[in-house]
Amino acid sequence: MSKESVIYIAGHRGMVGSAIWRQLSEKGYTNLIGLTSSELDLKDQKAVAEFFETKKPDVVIDAAAKVGGILANNSYPYQFLMENMQIQNNLIDASLKNDVEKFIFLGSSCIYPKLAPQPLKEEYLLTDSLEPTNEWYAVAKITGIKTCEAIRKQFDKDYVSLMPTNLYGTHDNFDLNTSHVLPAMIRKFHEAKENDNAPVTLWGSGTPMREFLFVDDMAASVIFALENRLPEHLYNVGTGVDLTIRDLAELIQKVTGHTGEILWDAEKPDGTPRKLMDVSKMHELGWKHKVDLEAGITKTYHWFLENINNFKEVKMS
Ligand SMILES: NC(=O)C1=CN([C@@H]2O[C@H](COP(=O)(O)OP(=O)(O)OC[C@H]3O[C@@H](n4cnc5c(N)ncnc54)[C@H](OP(=O)(O)O)[C@@H]3O)[C@@H](O)[C@H]2O)C=CC1
Ligand SMILES: C[C@H]1O[C@H](OP(=O)(O)OP(=O)(O)OC[C@H]2O[C@@H](n3cnc4c(=O)[nH]c(N)nc43)[C@H](O)[C@@H]2O)[C@@H](O)[C@@H](O)C1=O
């Protein structure tokens, strides 16, 4: 690996991909490649194969996926399963065929069984049933992990999978139907504050617990995996700290300055009760997050305000 290595960042315009691109550029990596989904549809096997044969990347970072919050995952099970399998299969297979030396696959904490012991260790994979609201996405991600593991086992290549906890930050998706909880809360509390501190309606009971990692810390973990050959095939990436959705709401209410009422819509799903990551393996190797939750929310809220007329909204159908 050198600063001149050809590094293809699939999904370089997304929340995570754009943070990886920024950090690699700042570190002096000069040969970064990125294409939008309209320039290269990663579901198209032939187009992906041609792209790899032409560009011959040394390294591939897979930050491209169909991504969404609990409602989107629950509403579009076929797309979350099929599109994610297509994207990752095309990328991984083309990488193997074109001698890509390092492949970094991004999964998700939802790959672990719904009622697994907490905190979640990497070894709990495939030991019990998944959370129904996102099992389709989780099955696709598990397939990606296993495909990289098979290549590592059979061909001794550095194909590694990182499992991020719930992520948030600059360039997040603020569409209230498809987003994750944290950007949804920022938008809801901000808009309610602007509307005479009207009540804010949140989903579920507020009792589930979630762990949140700021996107720049996630990007740093990817660069750590890029610059080091990690000894195993699967690593959790998170803070190791979680909180209830109700406590998250109160924190975001404070950061945004909303002073109205919070209501809970029990018709919306809670999802898994808890999914706290055991991040001791990454800590032992030398990576640790830097941004604490309140600081990360504050940065994200400032970014939201600066981009209020053109923040990202991801529509699905
Ligand atoms: N956000 C989160 O909380 C979490 C995310 N992850 C994982 O991290 C990774 C990055 O997620 P995140 O940055 O949040 O997601 P985003 O939705 O912000 O970005 C995903 C990117 O994937 C690209 N993409 C999607 N479909 C295609 C396609 N058919 N062809 C080409 N490109 C495509 C999009 O490109 P374009 O913009 O050009 O359309 C988009 O920029 C994903 O693997 C996700 O599963 C894991 C855990 C939590
Ligand atoms: C990263 C992870 O993201 C998804 O899982 P999730 O963590 O359940 O997703 P979420 O962020 O959308 O919700 C977290 C919690 O928050 C509650 N909640 C309250 N109010 C709002 C709200 O306004 N919007 C949303 N989206 N949730 C809300 C919501 O009811 C739930 O209890 C996976 O599908 C999968 O994609 C995955 O891997």
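Quantities reported herein were computed from a predicted structural model and do not represent experimental measurements.

1. Topic: the UniProt feature "binding site: substrate" (unreviewed entry) in the chain
Step number 1: As annotated in UniProt, the feature "binding site: substrate" (unreviewed entry) corresponds to Lys188, Trp203, Arg210 and Asp270 in the numbering used here. Lining of the second largest pocket among the annotated residues: Arg210.
Step number 2: Mapped onto the fold, Lys188 is located in helix H6 (residues 181–194).
Step number 3: Under the relative-accessibility criterion, Lys188 is labelled buried at 17%.
Step number 4: Sequence-distant contacts of Lys188, defined by excluding residues within four places in its chain, comprise Leu176, Val200, Thr201, Leu202 and Trp203.
Step number 5: In this structure, Trp203 sits in strand S7 (residues 200–203).
Step number 6: By relative accessible area, Trp203 is classed as partly exposed at 23%.

2. So, the site of ligand 2
Step number 1: Surrounding ligand 2, one finds 22 residues, the nearest of these being Ser108, Lys188, Arg210, Pro269 and Asp270.
Step number 2: The separation between an oxygen atom of ligand 2 and a polar side-chain atom of Asn166 is 2.9 Å.
Step number 3: The contact in question runs from a nitrogen atom of ligand 2 to an N or O atom on the backbone of Ser179, over 3.0 Å.
Step number 4: When ligand 2 sits alone it has 700 Å² of accessible area, and the protein chains cover 98% of it.
Step number 5: Element by element, the count of residues in the shell around ligand 2 is highest for H6, at 3 residues.
Step number 6: Class assignment for the residues of the shell around ligand 2 results in 10 nonpolar, 8 polar and 4 charged.

3. Considerations on the site of ligand 1
Step number 1: Around ligand 1 there are 27 residues in total, and Met15, Val16, Ser37, Tyr137 and Lys312 lie nearest to it.
Step number 2: One of the side-chain nitrogen or oxygen atoms of Arg13 is found 3.1 Å away from an oxygen atom of ligand 1.
Step number 3: Take Val16: an N or O atom from its main chain is 2.8 Å from an oxygen atom of ligand 1.
Step number 4: Those elements that place two or more of their residues in the shell around ligand 1 are helix H1 (15–26), helix H5 (135–155) and strand S6 (166–168).

4. Some details on the pairing of strand S5 (residues 158–164)
Step number 1: Buried residues dominate S5, accounting for 7 of its 7 residues.
Step number 2: Every second residue of S5 is oriented toward a common face, with Asp158, Val160, Leu162 and Pro164 on one face and Tyr159, Ser161 and Met163 on the other, all of them buried.
Step number 3: Sheet topology note: the strand S4 (residues 102–106)/S5 ladder contains 5 bridges and is parallel. Within the sheet, the bridge partner assigned to Lys102 lies in S5 and is Asp158.

Thresholds applied
- Residues numbered from 1 in each chain as written.
- Chains lettered and ligands numbered in written order.
- Predicted model: local features only at pLDDT ≥ 70, side-chain atom pairs only at ≥ 80, totals over all residues.
- Heavy atoms only, no water.
- UniProt positions renumbered as here; feature names shortened; annotations may be inferred.
- 1 Å grid on protein atoms, 1.4 Å probe; cavity = no way out; pocket = protein on both sides within 12 Å on 5 of 7 lines; lining within 4 Å.
- Helix = DSSP H or I, 4+ residues; strand = E, 2+ residues; numbered from the N terminus.
- Buried < 20%, exposed > 50% of the residue type's maximum accessible area, 1.4 Å probe, protein only.
- Contact = heavy atoms within 4.5 Å.
- Near = heavy atom within 4 Å.
- Polar contact = N/O pair within 3.5 Å; in protein donor to acceptor, adjacent residues only side chain to side chain.
- Areas by Shrake-Rupley, 256 points an atom, 1.4 Å probe, with all protein chains shown as cover.
- Nonpolar A, V, L, I, M, F, W, Y, C, P; charged D, E, K, R; others polar.
- Pairing = 2+ DSSP bridges.

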